[in-house]
2 protein chains.
Amino acid sequence: MSTARIVELRKGVLKKNDELAAGLRTRFEDAGVLALNLVSSPGTGKTAFLERTLRQLRMVGERPAALVGDLETDNDARRLAVSGAPVRQINTHGRCHLEAEMIGHHLEGWRLDDYDYLFIENVGNLVCPSSYDLGEAIRIALLSVTEGEDKPLKYPSIFNSADIAIITKIDLAEVCEFDRELACNNLREIRPDIAIFETSAKTGAGFPEWLSFLVGEKERKQAAGVVSP
Amino acid sequence: MSTARIVELRKGVLKKNDELAAGLRTRFEDAGVLALNLVSSPGTGKTAFLERTLRQLRMVGERPAALVGDLETDNDARRLAVSGAPVRQINTHGRCHLEAEMIGHHLEGWRLDDYDYLFIENVGNLVCPSSYDLGEAIRIALLSVTEGEDKPLKYPSIFNSADIAIITKIDLAEVCEFDRELACNNLREIRPDIAIFETSAKTGAGFPEWLSFLVGEKERKQAAGVVSP
């Protein structure tokens, strides 16, 4: 089988995914739900970050929900459900990324009108999720201070497709000799207008700014929905 | 296009890869080269681990060489070349794993008889590289103390296909509240007979045991080569 043939087939899969994602995007917009797709390497701390985000959003009266993707186990859904937010686990059984079809399937039975935010935690992978639109309004790439400042340059497709970068585990920055300026420069080299938040799910550093941003985005989106035809 | 059709095509790609990998394995064995395939999440510290391994092997008169895979940049090859060992960069340009064909191509011009070890540093990805045999004798899965003890359970295919697990950044274990026993139990749940080394490329912890193991494996392999028909 030729490489050209595989490329052609892959295009078909991505085209189908794009169509399903466009349908999801319309549903999210109609319901006034801010959908966010979280991508990172395994171990960056997506779940810890999301755990604190869900808990604090609920604390200020917001209504978040979450879908969480993993090859196996429902560990993450169980961790996140402690926040009190509705959470569902998606097990991909070997698939290295989430696809729009899985999102649609796992939303069944949920009334989107009941939520302000839908967080989608992707499978830990800095490569493959970049090609799969999940209908999100905002794509978030997370990067921990323990991973090295060069990751944006080495995995450009994922950082180039992200709207926001979250630097995680900032409490470990000093012990890891993390070079903040270099990391931010590398992020901006790949994606010049990317917004960067520096956070620690352990200490809560950076969360006030992050939560203010989220609530602002939701309000902006819902206000735009009201005035649009 | 049906999923069944894609699965069928994927099988074809893997079959071709397996054939090429079998050819590589024979070449490595004939030349008495111990080939090792290093897989992990991005940011686990594969390059720092390999940097110290190459330097110390050369210090004791061994002859290592390395191939290093990344989507983009030749940062890693430049870092590793400082050791004095022959190193070549493989840029996959978006491909999320190394394949046997890339290995064969990048070995061109090297006389394998001149080396005792060939280290192959895979693209940082805990999912896709698990399916691609590169002709290695030993597959090594690396896991850093910063990533969380549950990674073997969440990415079982990569840990299940590994012969050795290297726990990296052990110098950060305390500050990350790393649960060593839990991590080792999870590794053994997925791969009961896996050998585990706990290391720090920064302090050198665990390297004497790791290097002794490597030299022992090479000697065992070369002795077996001599007595085999």
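Refer to the preceding data block for the structure.
Computed from a prediction, not measured in an experiment: that's the story for all the values here.

J.: For this particular structure, what's the right way to read the state of the cysteines?
T.: Here, disulfide denotes a covalent bond that connects the sulfur atoms of two cysteines. On inspection of all chains with the given rule, the structure shows 0 disulfides over all chains. Unpaired in terms of disulfides, A:Cys128 finds its nearest cysteine sulfur in B:Cys96, a separation of 3.5 Å. Free of any disulfide, A:Cys184 has its nearest cysteine sulfur in A:Cys176, 16 Å distant. Residue A:Cys184 is classed as buried on the basis of its relative accessible area of 5%.

J.: How should I be thinking about the sheet that holds strand β1 (residues 34–39) of chain A in this particular structure?
T.: Pairing between the strands of a sheet is mediated by backbone hydrogen bonds and can be parallel or antiparallel. All names here are of chain A. Taken in spatial order, the 7 strands of this open sheet run β3-β2-β4-β1-β5-β6-β7, and their pairing is parallel. Two strands lie at the open edges of the sheet, namely β3 (87–91) and β7 (195–198), each paired on one side alone. Each neighbouring strand pair of the sheet contributes to a mean axis angle of 20 degrees, computed without reference to strand direction. Direction of pairing for β1 relative to strand β4 (residues 117–121): parallel, over a ladder of 5 bridges. Along β4, the bridge assignment pairs Ala 35 with Leu 118. Against the sheet, helix α2 (residues 46–59) contacts β1, β2 (64–70), β4, β5 (138–144) and β6 (164–168), and its axis sits at roughly 170 degrees relative to β4. Its contacts with the sheet put helix α7 (residues 180–190) on β6 and β7, and the angle it makes with β7 is roughly 150 degrees.

J.: Help me understand the interface of chain B and chain A, please; the structure alone is not making it clear to me.
T.: How big an interface is tends to be stated in terms of the accessible area lost upon association of its parts. The interface is formed by 38 residues belonging to chain B together with 39 residues belonging to chain A. Carbon and sulfur atoms make up 61% of the area that chain B and chain A hide from each other, which totals about 3000 Å². A:Glu177 is the partner of B:Lys202 in a salt bridge, and the nearest nitrogen-oxygen pair spans 3.0 Å. Contributions of two or more residues to the side of chain B that touches chain A are made by α1 (3–31), α3 (75–81), α5 (151–154) and α6 (156–160) of chain B. Counting residues per element, the side of chain B that touches chain A draws most heavily on α1(B), at 5 residues. The class makeup of the residues in the side of chain B that touches chain A is 17 nonpolar, 10 polar and 11 charged.

J.: Any chance you could explain the packing of aromatic side chains here in plain terms?
T.: Each aromatic ring pair is characterised by the separation of its centres together with the angle its planes make. Residue and element names in this part refer to chain A. In the structure shown here, the tally under the stated rule is 14 aromatic pairs over all chains. Here the aromatic rings of Phe 197 and Trp 210 are separated by 5.5 Å at their centres, their planes lie at 70 degrees, and the arrangement is edge-to-face. Placement of the pair is Phe 197 in strand β7 and Trp 210 in helix α8 (residues 207–227), with a sequence separation of 13 residues. As far as the burial class goes, Phe 197 and Trp 210 line up, both buried. Ring pairs connect the aromatic residues Phe 49, Phe 197, Phe 207, Trp 210 and Phe 213, which therefore count as one cluster. Residue placement shows Arg 52 over the ring face of Phe 207; its charged tip is 5.5 Å from the ring centre.

J.: When you look at the side chain of A:His97 in this model, what are you seeing that I'm missing?
T.: All names here are of chain A. Within the secondary structure layout, His 97 lies in the loop between β3 and α4 (100–106). A distance of 2.7 Å separates polar atoms of two side chains, one belonging to His 97 and the other to Glu 99. Contacts of His 97, omitting those with residues within four sequence positions, involve Thr 92, Met 102, Asn 122, Val 123, Cys 128, Pro 129 and Tyr 132.

J.: What is the right way to look at helix α7 (residues 180–190) of chain B in this model?
T.: Because each turn of an α-helix spans 3.6 residues, side chains separated by three or four positions in sequence point in the same direction. Residue and element names in this part refer to chain B. All of the buried residues in α7 are Ala 183, Cys 184, Asn 186, Leu 187 and Ile 190. Looking straight down α7, one finds its buried side chains confined to an arc of 160 degrees; they lie on one side. Facing away from the buried side of α7 by more than 90 degrees, the exposed set consists of Glu 181 and Glu 189. On its buried face, α7 is in contact with α5, α6, β6 (164–168) and β7 (195–198).

Thresholds applied
Residues numbered from 1 in each chain as written. Chains lettered and ligands numbered in written order. Predicted model: local features only at pLDDT ≥ 70, side-chain atom pairs only at ≥ 80, totals over all residues. Heavy atoms only, no water. Disulfide = S-S within 2.5 Å. Buried < 20%, exposed > 50% of the residue type's maximum accessible area, 1.4 Å probe, protein only. Pairing = 2+ DSSP bridges. Helix = DSSP H or I, 4+ residues; strand = E, 2+ residues; numbered from the N terminus. Axes fitted to C-alpha atoms, helices over the stretch in contact; angles between N-to-C directions. Contact = heavy atoms within 4.5 Å. Buried area = accessible area lost by both parts, 1.4 Å probe. Salt bridge = Lys/Arg side-chain N within 4 Å of Asp/Glu carboxyl O. Nonpolar A, V, L, I, M, F, W, Y, C, P; charged D, E, K, R; others polar. Phe/Tyr/Trp six-rings, centres within 6.5 Å; stacked < 30°, edge-to-face > 60°. Lys NZ or Arg CZ within 6 Å of the ring centre and 35° of its normal. Polar contact = N/O pair within 3.5 Å; in protein donor to acceptor, adjacent residues only side chain to side chain. Arc of directions from axis to C-beta.

Functional significance is not addressed by these values, which are geometric in nature.
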